Amino acid sequence: MNVNYSTWSNLPGSLLLRIFQFLDNDADLCRVAQVCRNWHDVAEDPSLREYVTIDTGWHSLVEESLAALPKRCPKLATLDIKQVPDDCIQGLLASFVSNCPDLQELALGLIAPPLHDYTLCIISLSSLRSLCLDCALLSSEYSYEALSSINTLENVTFTAADSSQPYELMIGLQIFFMRCQSPLCRISLPDVAPLSNSEISQSLIQVIFDNYRSTLTHLFMWPVKTSARVLESLCRVQNLENVNIFEAKLSSLSNSQWTKLNDRIQQCRNISISQTSISSETLKRFSQQYTSITEFLCLSCEFEDDDCLVDFVSRFRDAAVAEVHLHYGITLKAMKRVVGQFKHPRSLSLSDIRMKDVSQLNEMASIFCNMEGLKSLHLALVNRADELEYSSYEITALEMELKNKLPKCDVVVEFDQI
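Keep in mind it's a predicted model, so treat the numbers as computed, not measured.

### Things to note about the overall build of the chain
Argument step 1. A tally of regular secondary structure across the chain gives 16 helices and 16 strands.
Argument step 2. A burial count over the chain gives 50% of its 418 residues as buried.
Argument step 3. Looking at the chain alone, contacts between residues at least 24 apart form 73% of all its contacts between residues at least 6 apart.
Argument step 4. A total accessible area of about 20000 Å² is found for the chain, and carbon and sulfur atoms account for 49% of it.

This is the structure we're talking about:
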């Protein structure tokens, strides 16, 4: 029998289902469900609501539709609430947790008002594996404690749109990580660094390292001074894949501390070393080669001389992603030697590049011409009134030449105003 598919209302349910999967949020599904009975039946398919985002689109719908949403999501796995009417968030969250047994990931933006303790207790009874929320939603130390009752979390992300009270923020985070019994693997903390050298920052990172030494694989947070105590805790973490060394006094480490640090670096994949002095004597304590490192960042470190810098970089030659940013600058000759240390780089970023004269721009372009595997290149040239100044035309010409030599690479060349 021939079926007429010339009108939208006659499209088969399987095709409509595929089309509806491209809709951004449930608010759009509610709209298409009002077109006809056929569209309504397809729009109510539970498979369309395994991932739900609630944002400003809901403000154009009646709150009754929003309240009924949890019951239409029996297979919901991921819920992202960006914005909802203020007076319904508490009941809405409780309803989602009660009606969606498969809920695994929950993300809460900067919604208002702060979450009630009852709501936090309801969330803590869930089987969430991933949680992301803004710290402004937690109004007290008890709120952090109530949230820490979840014992199934693997990933947790705290954000902070308002970082005006850093002490209160860190105290709350410390309470959470001291009490939380979940097997946390991935932890992301707010990108604020008000108290990098403070005791409370170092205490917080020690709590994290000590409590999750057997499960933690990734930790992302503001820079914390790598004191001897922090270093001891860091070296006890068994599976950490990213290591951050910040303002470390490497020259004062004992032989046993160096052994532990080298073992820790040998096992990780990403390393960031920043604001740390490295002399030729200190360099001798590093292992000759760290073959496991795939991402290498050297930020604002001080080296005894260019030979020391090049020798240090050579120990991470297997890194596919590399960034070298020295606040005192790097000459073209030294940069050429640094770049030549990496075997097969995919992404390179170098800043504070100093040159004697404009003619060296052509020499710079030749450094990268044989790097066929390079996918991303970022160069920042020092441009100061008391040194060589470049025109925008010269920088653009260099960028275009590099793009011609590396057609498959994303190239950016800019001024580095220091």
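### Focus: the nonpolar core
Argument step 1. If you look at the biggest cluster of nonpolar residues, it comprises 120 residues, and the most contacted ones within it are Phe-158, Phe-177, Phe-296 and Phe-368.
Argument step 2. In contact with Phe-368, other than residues within four places in its own chain, are Met-335, Val-339, Leu-348, Leu-374, Leu-377, Leu-379, Leu-402 and Leu-406.
Argument step 3. Phe-20, Trp-39, Ala-43 and Leu-48 belong to the second largest nonpolar core, which has eleven residues in total.

### Describing helix α5 (residues 89–99)
Argument step 1. The buried fraction of α5 amounts to eight of the eleven residues, a majority that puts the element mostly inside the structure.
Argument step 2. Buried within α5 we find Ile-89, Gln-90, Leu-92, Leu-93, Ala-94, Ser-95, Phe-96 and Val-97.

### Looking at the pattern of salt bridges
Argument step 1. A complete count under the given rule lists twelve salt bridges for this structure.
Argument step 2. In this structure, Arg-236 engages Asp-210 in a salt bridge whose closest nitrogen and oxygen atoms are separated by 3.2 Å. Remark: Asp-210 occurs in helix α9 (residues 199–211) and Arg-236 occurs in helix α10 (residues 228–236); sequence separation between them is 26 residues.
Argument step 3. Taking relative accessible area as the criterion, Arg-236 reaches 37% and is therefore assigned partly exposed.
Argument step 4. Put simply, Asp-307 and Arg-337 hold a salt bridge, and the shortest N to O gap is 3.0 Å. Here Arg-337 lies in helix α14 (residues 332–339) and Asp-307 lies in helix α13 (residues 306–314), a separation of 30 residues in the sequence.
Argument step 5. Since its relative accessible area comes to 32%, Arg-337 is described here as partly exposed.

### Observations regarding the pairing of strand β9 (residues 270–274)
Argument step 1. With four of five residues buried, β9 lies mostly within the body of the structure.
Argument step 2. This β-α-β element, strand β8 (residues 242–246) to helix α11 (residues 255–267) to β9, shows right-handed connectivity.

### Some details on the environment of Gln-181
Argument step 1. In this fold, Gln-181 is placed in the loop between α8 (166–179) and β6 (186–188).
Argument step 2. Since its relative accessible area comes to 63%, Gln-181 is described here as exposed.
Argument step 3. A sequence separation of 29 residues divides Gln-181 from Thr-152, and the C-alpha atoms of the two residues are 8.2 Å apart.
Argument step 4. A polar side-chain atom of Gln-181 sits 3.2 Å from the main-chain carbonyl oxygen of Arg-179.

### Topic: the sheet that holds β9
Argument step 1. The strand order β8-β9-β11-β13-β14-β15-β16 describes an open sheet built from seven strands, whose pairing is parallel. Taken across any chain shown, the strands that pair with only one partner, and hence form the sheet edges, are β8 and β16 (410–416). On average, each strand axis in the sheet is inclined to that of its neighbour by 10 degrees, with strand direction left out of account.
Argument step 2. Note: strand β13 (residues 321–331) against strand β14 (residues 347–354), seven bridges, orientation parallel. Counted as the bridge partner of Val-321 is Ser-347 from β14.

### Points about the environment of Pro-101
Argument step 1. Within the secondary structure layout, Pro-101 lies in the loop between α5 and β3 (105–108).
Argument step 2. Its relative accessible area of 60% is what places Pro-101 among the exposed residues.

### Here's the deal with the sheet that holds strand β1 (residues 51–54)
Argument step 1. Here we have seven strands laid out as an open sheet, ordered β1-β2-β3-β4-β5-β6-β7, and parallel in their pairing. The strands lining the two open edges of the sheet, one partner per strand, are β1 and β7 (218–220). Pairwise comparison of adjacent strand axes, ignoring direction, gives a mean angle of 5 degrees for this sheet.
Argument step 2. Across three bridges, strand β5 (residues 155–159) lies against β6 in parallel orientation. Opposite Thr-157, over in β6, you have Ser-188 as the bridge partner.

### A short note on unusual backbone geometry
With the exception of glycine, most residues fall at negative phi, and the peptide bonds are largely trans.
Argument step 1. In this model, Gln-275 sits at a positive phi of 45 degrees, which is unusual for a non-glycine residue.
Argument step 2. Relative to the helices and strands, Gln-275 is located in the loop between β9 and β10 (277–278).
Argument step 3. Its relative accessible area of 43% is what places Gln-275 among the partly exposed residues.
Argument step 4. Not every positive phi belongs to a glycine, and Ser-300 is a case in point at roughly 55 degrees.
Argument step 5. Looking at where Ser-300 falls in the secondary structure, it is placed in the loop between β11 (295–299) and β12 (302–303).

Rules behind the numbers
Residues numbered from 1 in each chain as written. Predicted model: local features only at pLDDT ≥ 70, side-chain atom pairs only at ≥ 80, totals over all residues. Heavy atoms only, no water. Helix = DSSP H or I, 4+ residues; strand = E, 2+ residues; numbered from the N terminus. Buried < 20%, exposed > 50% of the residue type's maximum accessible area, 1.4 Å probe, protein only. Contact = heavy atoms within 4.5 Å. Areas by Shrake-Rupley, 256 points an atom, 1.4 Å probe, with all protein chains shown as cover. Core = buried A, V, L, I, M, F, W, Y, C linked by side-chain atoms within 4.5 Å. Salt bridge = Lys/Arg side-chain N within 4 Å of Asp/Glu carboxyl O. Right-handed = clockwise from strand over helix to strand, strands pointing away. Polar contact = N/O pair within 3.5 Å; in protein donor to acceptor, adjacent residues only side chain to side chain. Pairing = 2+ DSSP bridges. Axes fitted to C-alpha atoms, helices over the stretch in contact; angles between N-to-C directions.

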